[in-house]
Amino acid sequence: MEAHARTEVEPAFLTQAEIAVLLGVPERTLEGWRLTKSGPPWLKLGRHVKYDRDDVLAWAREQRHG
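Chains are numbered independently. Their residues run from 1 in the order of the written sequence. Local features in this predicted model are restricted to residues whose pLDDT is 70 or higher, and side-chain atom pairs enter the listing and the counts only when it is 80 or higher, whereas totals over whole chains, interfaces and linings include all residues. Hydrogens and water molecules were not included; the side-chain quantities draw on all heavy atoms of the structure.

Draft legend 1. The pattern of salt bridges, seen in detail. We count a salt bridge whenever a side-chain nitrogen from Lys or Arg sits within 4 Å of a carboxyl oxygen from Asp or Glu. Within this structure, the stated rule accounts for one salt bridge. Among the salt bridges present, the one from Arg28 reaches Glu31, with a minimum N-O distance of 3.5 Å. Here Arg28 and its partner Glu31 are both found in helix α2 (residues 27-36), three residues apart, which amounts to about one turn of the helix. The rule is simple: take the accessible area with a 1.4 Å probe, protein chains only, and divide by the maximum for that residue type; under 20% is buried, over 50% is exposed, in between is partly exposed. Overall, the relative accessible area of 66% leaves Arg28 in the exposed class. Numbering of helices and strands starts at the N terminus; helices are DSSP runs of H or I of at least 4 residues and strands are runs of E of at least 2.

Pasting the structure below:
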């Protein structure tokens, strides 16, 4: 019998909780940023808020000062 290799797929779209951990901020901060349109880009998939990991990291890099 041939063994099938499992392919690990890294999710491109992350939840609010996952992005909060990635950025080191509370989830409530992300919610506030969404309301004021001042945070990382996000999208709605049905009724679920998701974040594109690459977009969030690019946004974070743009926040550098100094």
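Resuming the write-up.
Draft legend 2. Expanded view of the sheet that holds strand β2 (residues 43-45). Pairing within the open sheet is antiparallel, and its three strands lie in the order β1-β3-β2. The open sheet has two free edges, formed respectively by β1 (13-14) and β2, since each of these has just one partner strand. By the bridge criterion, two bridges tie β1 to strand β3 (residues 48-52) in an arrangement that is antiparallel. Residue pairing across strands places Leu14 opposite Tyr51, the latter belonging to β3. Two strands are said to pair when DSSP picks up at least two bridges between them.

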